[in-house]
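Remarks on the overall topology
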Amino acid sequence: MPRRRIGFWYRFAAVICKPPLVVLLKRDWRGMEHIPAAGGFITAVNHNSHVDPFAYAHFQYNTGRVPRFLAKSGLFRKGFVGAAMRGTGQIPVYRESTDALSAFRAAIAAVERGECVAFYPEGTLTRDPDGWPMTGKTGAARVALQTRCPVIPVAQWGCNELLPPYAKKPRPLPRKTSYVLAGPPVDLSRFYGKEMTAEVLKEATEVIMAAVTRQLEEIRGEKAPDQVYDPREVRIQQRRRTQAQSGRGSGSGRNGDSGRESTSGREMESGK
């Protein structure tokens, strides 16, 4: 099947970005056969380095189906950057919208036009200590269920060794390898026709993230933890610990003996 026209701006961006990527990163890319030759689709990609969007875009560009990334709408209004964003067909996300579906209206329209829309479902760099994918946000699932388009899980590894998450300086030596693996489409058919409730979107997102994680397991040659890192749950636990520590400190400040008595009581209850 014929590939879609890439266009001037994407080719121009490739001329600028590809040479440093080729110098900095060796490539181990697999799964290009899973990228649809025609028609709209979504890719769901893990995120573990500020460099990996460029490496993934390089991979996707070489398939002939360029990705349209979701980006903050403000970037589309700034001079050359804005012109490049518009010219390459990136998709503005209007975060001020109170309607979650309308925030992805442009993504839905792009899929319906036959484009590839790339989602980073985690929404930010992973905070998992070992670099595994975190829990995902529901945007990709929402667009997928609305359009019933293929969802291709893509895992990548290696850019995080060039530039670790939240690091300020790259580590170019020794030369790192960019691993990218695209898998077969995720089967979301059991969700078709259902009302897009929060529970349905959450479950569909978990299915998508599980597929991405399986691809990363294959790249890394190891099993991911059974418990998926959930940054919201971690924040809740941290807040509870802080409140508990604050409460103990306040009790001790008001009455030193009461703090000691409380500790003694916990020790007795626990059998210490």
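Everything here concerns the structure above.
Here's what I pulled together on the structure shown here.

What counts, and at which threshold
Residues numbered from 1 in each chain as written. Predicted model: local features only at pLDDT ≥ 70, side-chain atom pairs only at ≥ 80, totals over all residues. Heavy atoms only, no water. Helix = DSSP H or I, 4+ residues; strand = E, 2+ residues; numbered from the N terminus. Buried < 20%, exposed > 50% of the residue type's maximum accessible area, 1.4 Å probe, protein only. Contact = heavy atoms within 4.5 Å. Areas by Shrake-Rupley, 256 points an atom, 1.4 Å probe, with all protein chains shown as cover. Pairing = 2+ DSSP bridges. Axes fitted to C-alpha atoms, helices over the stretch in contact; angles between N-to-C directions. Salt bridge = Lys/Arg side-chain N within 4 Å of Asp/Glu carboxyl O. Core = buried A, V, L, I, M, F, W, Y, C linked by side-chain atoms within 4.5 Å. Phe/Tyr/Trp six-rings, centres within 6.5 Å; stacked < 30°, edge-to-face > 60°. Lys NZ or Arg CZ within 6 Å of the ring centre and 35° of its normal.

**A look at the overall build of the protein**
Looking only at helices and strands, the protein has nine helices and seven strands in total. Looking at the protein as a whole, 44% of its 272 residues are labelled buried. Counting only contacts in the protein whose residues sit at least 6 apart along the sequence, the fraction spanning at least 24 positions is 75%. Surface exposure of the protein reaches about 15,200 Å², of which carbon and sulfur atoms provide 53%.

**Topic: the sheet that holds strand β1 (residues 25–30)**
Within the open sheet, the seven strands sit side by side as β1-β7-β6-β2-β5-β3-β4. Their pairing is mixed. For this open sheet the edge positions go to β1 and β4 (91–93), each flanked by a neighbour on one side alone. With direction set aside, neighbouring strand axes in the sheet form an average angle of 25°. Pairing analysis gives four bridges linking strand β2 (residues 41–45) to strand β5 (residues 116–119), with the strands arranged parallel. Of the residues in β5, the one forming a bridge with Ile-42 is Val-117.

**Topic: the pattern of salt bridges**
Applying the stated criterion across every chain, the model contains six salt bridges. We note a salt bridge from Arg-68 to Glu-115, for which the minimum N-O separation is 3.1 Å. Separated by 47 residues along the polypeptide, Arg-68 in strand β3 (residues 67–72) and Glu-115 in the loop between α4 (105–112) and β5 bring together distant segments of the chain. For the pair Arg-68 and Glu-115, one class covers both residues: buried. Ionic pairing is found between Glu-222 and Arg-220, a salt bridge with its closest N-O pair at 3.4 Å. You can call Glu-222 partly exposed: its relative accessible area is 41%.

**Here we look at the nonpolar core**
Residues Ile-42, Phe-119, Val-143, Val-151 and Leu-188 are the most contacted members of the largest nonpolar core, which totals 27 residues. When contributions to this core are tallied by element, the ones reaching two or more residues are β2, α4, β5, α5 (139–147) and α7 (198–220). With seven residues, the single largest contributor to this core is α7. Aside from chain neighbours lying at most four places away, what touches Val-151 is Ile-42, Ala-44, Ala-144, Pro-184, Pro-185, Val-186, Leu-188 and Ile-208. Tyr-10, Trp-29, Ile-152 and Val-180 belong to the second-largest nonpolar core, a separate cluster that totals 20 residues.

**Side note on the packing of aromatic side chains**
Under the defined criterion, the tally for this structure stands at 10 aromatic pairs. On the numbers, 5.6 Å between centres and 85° between planes, the contact of Trp-29 with Phe-59 is edge-to-face. Taken together, the residues span a long stretch of sequence, with Trp-29 in strand β1 and Phe-59 in helix α2 (residues 52–62) at a distance of 30 residues. We classify Phe-59 as buried; its relative accessible area is 0%. These aromatic residues form a ring-pair network of at least three members: Phe-8, Trp-9, Phe-12 and Phe-80. The ring of Trp-29 has Arg-27 sitting right over it, with the charged end atom 5.0 Å from the ring centre. One Lys or Arg, Arg-220, reaches over the ring of Trp-132 and ends 3.9 Å from the middle of that ring.

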